[in-house]
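Overview (structure and organization)
Chain by chain, the residues run as shown.
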Amino acid sequence: MFAYFYNKIWTDIDVSFLQLIFTLTFITQILELLLLIIGVLIGVAYFTLLERKLISAIQRRLGPNVVGAYGLLQPLADGLKFLIKETITPTHAHGILFIIAPAISFILSIIMWVVLPVGYNVVLVDPDLGLLFCFCIGALAVYGIILAGWSSNSKYSFLGGLRSTAQMISYEITIGFVYLCVIVFTQSLNISEIVYIQSATIWFCIPLCFLAVIYFILILAETNRHPFDLPEAEAELVAGYNVEYSGMIFALFFLGEYSNMLSMSSMAVILFFGGWLSPFGGYVGVFTGCFWFMLKLAVMLFLFIIARAAFPRYRYDQLMSLGWKIFLPLTAGFFVLEVLVLTSLGCFSV
Amino acid sequence: MKDILIDFKYIGIFSSIAIVLGVVILILSYVAGKHKRYNEKLTGYECGFNPFEDGLSRVDTSFYLVGILLLVFDLELVFLFPWAVSSSATKIEGLFGMLIFFAIIMLGFVYELRAGALTWKKEN
C-alpha cells in the first residue's frame, strides 16, 4: 500500500509542485492563526470602547467622543499611548518574573480562542478534549496573576495577587461542576459536538436554566469583574496585582483580562445558548451562524457591562463564602440531581 | 476517531505564534517607550512614603487553606470528567461507583464546613 503511493507520488507528480503545495498550506494555516489573533485583539479594543460608552450612557455622560466619529478611534489612540509610555521595572522587583508574568497572562488568554467554534465548522482546531483544554488553560491563567503579585515585591500587589488567586481558584471548582453537568448531557468533551447536540435537541439554557444563571455569575467572578473585582478594589489596594506595571506590559494584563472575558462569554453562549444556532431554525441571507453567535455574545457582554454599572462591590469574606458555601454545594447538588433524574428517565439503565 | 495529535500539533503552532506575539510586545514596550529613570521613580509604590519593610513579609494562612482545598476538589472534578463522558457506556455500575466516590468527597466537604475551614476569618 505504502509502496504504491510512494511510487505514485514520485513518478506522477512533480516534486517541487508537491513542496509548493505543502508550503502554501502551511502559510495559509499561519495566516488563519494570525487573522484569529488580530480579530481577537480588535474585538477586545472595541469591547473597551463599548464598555466606556455604555457606562457613560448609564451615568448620563457622553463618554469618549473626541477621537474619530463617536470616539470610534479611541481604542487605537489608547493602544498607541500605551506603546509610547515608559515601562518601569522597580529596582526591588524580581526582574525576569516581573517581565514574563503579563506575557503569561496575555498568551494564555489568546490560546483559549483556538478551540472556540464561532460558526458551523468555523473553528481552527476542534479537538476531542476541547472543553477540558479550555478548563486547563483557564486554570493556568492564575499563574500570570500570582507571579505578577509576588514578583512586584510590593504590599499592595502581593495582597491583590493573593486575593485574586484565591478568588479564581475557588470559583474555578464551581465552573468545573457546571461543565460536568453539561457533559453528562452531551457525553462528549468536543465543543462543536455540544452545539450539534443542542441543535438536535434543545438549547441547554432550558433544562439547565438554573446553571446558566449561575455560570454567568461565576464568569463574572472568574474574570475578576464587578461586583467581584476585589483584586483591584481601588479604595484599599490601589490597583491590585498590577500596581507596579506601566506602559505596554500593563496593556498586556489589560488585553489578557478582556480577552478572557470575551472567551468565557463565548463559552457561556456555546454551552447554554446554542452557539451559532439560529433561534428560528434556518439561516437566511446575512443571518448566518456567525451572526447569531456574535449577537448572543454581544448580549452577554452587555450584561457584563450593565452588571459593572449597576452593582456595588462585595466584601472579601462575603465573596469567599459565596463561592464555597453557596455556589459549590448548589452546583454539586444540581449535578447529583441531574444524574438521578437522567437515571430515572432510563439513561444509565441496562 | 480523529488523530488527537494532529489537533494538538496545530494548537502548538498557534501557541508558539501567541508566545512570539507576547514577546514582541514585551520587546516593543522596552524599545518604543521613552526612558528617563531616577531613583525615586524606581522605588516601589507606597503612597508617598519610603517602604519600611519588605512587601512579602507576612501572609494570612487562609490563602494557603484555600489552595489546599482547591487541590482536593479539583482532583475530584478531574476524576469525574471521564465518568461523565462515558456514563452511558458504564451504565448503572459506573453510576454507583461515581456516587460512592462523590459521597466520600462531599462527606469531607461537610466536615470542612462544620470545622469552619471555609469561613473567612473576621478581622477584629
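Here, every reference points to the structure presented above.
Residues numbered from 1 in each chain as written. Chains lettered and ligands numbered in written order. Predicted model: local features only at pLDDT ≥ 70, side-chain atom pairs only at ≥ 80, totals over all residues. Heavy atoms only, no water.

This next bit is on the interface of chain A and chain B. Taken residue by residue, the interface counts 82 residues in chain A and 68 residues in chain B. Summing the contributions of chain A and of chain B, the shared interface buries around 6,900 Å²; its carbon and sulfur component is 76%. The three residues of chain A that bury the most area against chain B are A:Glu86, A:Lys155 and A:Trp324, which together make up 10% of that side's buried surface. Applying the counting rule to chain A against chain B returns zero salt bridges. Summed over the shared surface of chain A and chain B, the result is four residue pairs in polar contact (both at pLDDT 80 or more). Elements with a minimum of two residues in the side of chain A that touches chain B: helix H2 (15-58), helix H3 (74-84), helix H4 (95-111), helix H5 (130-151), helix H6 (155-186), helix H10 (247-272) and helix H12 (316-344) of chain A. (Contact = heavy atoms within 4.5 Å. Buried area = accessible area lost by both parts, 1.4 Å probe. Salt bridge = Lys/Arg side-chain N within 4 Å of Asp/Glu carboxyl O. Polar contact = N/O pair within 3.5 Å; in protein donor to acceptor, adjacent residues only side chain to side chain. Helix = DSSP H or I, 4+ residues; strand = E, 2+ residues; numbered from the N terminus.)

Turning to the pattern of salt bridges, a few remarks are in order. All names here are of chain A. Within this structure, the stated rule accounts for five salt bridges over all chains. For the salt bridge of Glu51 with Arg308, the shortest nitrogen-to-oxygen distance reads 2.6 Å. Placement of Glu51 in helix H2 and of Arg308 in helix H11 (residues 289-310) is noted, with a sequence separation of 257 residues between them. A residue is classified by how much of its surface remains accessible, and Glu51, at 3% relative accessible area, is buried. Its relative accessible area of 32% is what places Arg308 among the partly exposed residues. Linking Arg315 and Asp317 is a salt bridge whose minimum nitrogen-to-oxygen distance equals 2.9 Å. Residue classification places Arg315 among the partly exposed positions, given a relative accessible area of 44%. Using a relative accessible area of 16% as the deciding quantity, one classes Asp317 as buried. In the salt-bridge network here, residues are joined through shared partners; they are Glu51, Arg225 and Arg308. (Buried < 20%, exposed > 50% of the residue type's maximum accessible area, 1.4 Å probe, protein only.)

All right, on to the packing of aromatic side chains then. All names here are of chain A. The final tally for this structure, using the stated rule, is 33 aromatic pairs over all chains. Judged by centre distance (6.4 Å) and plane angle (65°), the ring pair of Tyr120 and Trp276 falls under edge-to-face. Pair noted here: Tyr120 is in the loop between H4 and H5 and Trp276 is in the loop between H10 and H11, with a separation of 156 residues, a long-range link. Exposure remark for Trp276: the relative accessible area of 2% places this residue in the buried category. An aromatic cluster of at least three residues, connected via ring pairs, comprises Phe47, Phe82, Phe250, Phe254 and Tyr258. (Phe/Tyr/Trp six-rings, centres within 6.5 Å; stacked < 30°, edge-to-face > 60°.)

This part takes up the environment of A:Phe82. Relative to the helices and strands, A:Phe82 resides in helix H3. Distance from A:Phe82 to A:Gly247, taken between C-alpha atoms, is 4.9 Å for residues 165 residues apart in sequence.

Bringing the side chain of A:Glu338 into the picture now. Looking at the element boundaries, A:Glu338 is found in helix H12. Lacking a salt bridge, the buried A:Glu338 has B:Lys91 as its closest oppositely charged neighbour, with an N-O distance of 17 Å. Once residues lying within four places of it in the same chain are set aside, the contact partners of A:Glu338 are A:Cys181, A:Val184, A:Phe185 and A:Leu208. (Lys, Arg positive; Asp, Glu negative; His and termini not counted.)

All names here are of chain A. Mapped onto the fold, Tyr283 is located in the loop between H10 and H11. For Tyr283, a relative accessible area of 41% corresponds to the partly exposed category. Excluding its chain neighbours within four sequence positions, the residues that come into contact with Tyr283 are Trp276, Leu277, Ser278, Thr288, Gly289 and Trp292.

This paragraph deals with the layout of surface pockets. One number sums up the size of the largest pocket: a volume of about 1,100 Å³. Together, 40 residues line the largest pocket, and A:Thr48, A:Phe82, A:Ala251, A:Phe254 and A:Leu255 are the ones closest to its centre. Mapped onto the lining of the largest pocket, the elements with two or more residues apiece are H2, H3, H10 and H11 of chain A together with helix H1 (4-32) of chain B. Here the lining of the largest pocket takes 11 residues from H2(A), the largest share from any one element. The residue inventory of the lining of the largest pocket, partitioned by class, reads 25 nonpolar, six polar and nine charged. When we break the lining of the largest pocket down by domain, the ones giving at least three residues each are domain 1 (1-84) and domain 2 (91-344) of chain A. (1 Å grid on protein atoms, 1.4 Å probe; cavity = no way out; pocket = protein on both sides within 12 Å on 5 of 7 lines; lining within 4 Å. Points joined across faces, edges and corners; volume = space filled by probe spheres on them. Nonpolar A, V, L, I, M, F, W, Y, C, P; charged D, E, K, R; others polar. Domains from an automatic or database assignment.)

Ranked by size, the top nonpolar core spans 134 residues in total, and within it A:Tyr215, A:Phe272 and A:Phe335 carry the most contacts. Looking at which domains feed residues into this core, each of domain 1 (1-84) and domain 2 (91-344) of chain A supplies at least three. Excluding anything up to four places from it in sequence, A:Phe335 contacts A:Leu180, A:Cys181, A:Val184, B:Leu80, B:Trp83, B:Met98 and B:Phe102. (Core = buried A, V, L, I, M, F, W, Y, C linked by side-chain atoms within 4.5 Å.)

Here we come to the side chain of A:Gln167. Residues and elements named next belong to chain A. Structurally, Gln167 can be placed in helix H6. With a relative accessible area of 0%, Gln167 lands in the buried category. A polar contact is formed between the side chain of Gln167 and the backbone oxygen of Phe228, at a distance of 2.9 Å.

Before going further, it helps to spend a moment on empty space enclosed by the protein. Vacant regions in the atomic arrangement are exposed by a probe of water-molecule size rolled over the atoms. Residues and elements named next belong to chain A. In the structure shown here, the tally under the stated rule is two cavities of 30 Å³ or more. Its boundaries defined by the atoms lining it, the largest cavity holds a volume of some 180 Å³. Going through the elements one at a time, H5 and H10 are the ones with two or more residues in the lining of the largest cavity. With five residues, the single largest contributor to the lining of the largest cavity is H10. Roughly 70 Å³ of internal volume is contained in the second largest cavity. Every residue along the wall of the second largest cavity is listed here: Met112, Cys134, Phe135, Gly138, Ala139, Glu172, Ile175, Tyr179, Glu222 and Met264. Counting residues per element, the lining of the second largest cavity draws most heavily on H5, at four residues. Residues belonging to the lining of the second largest cavity are distributed by class as follows: seven nonpolar, one polar and two charged.

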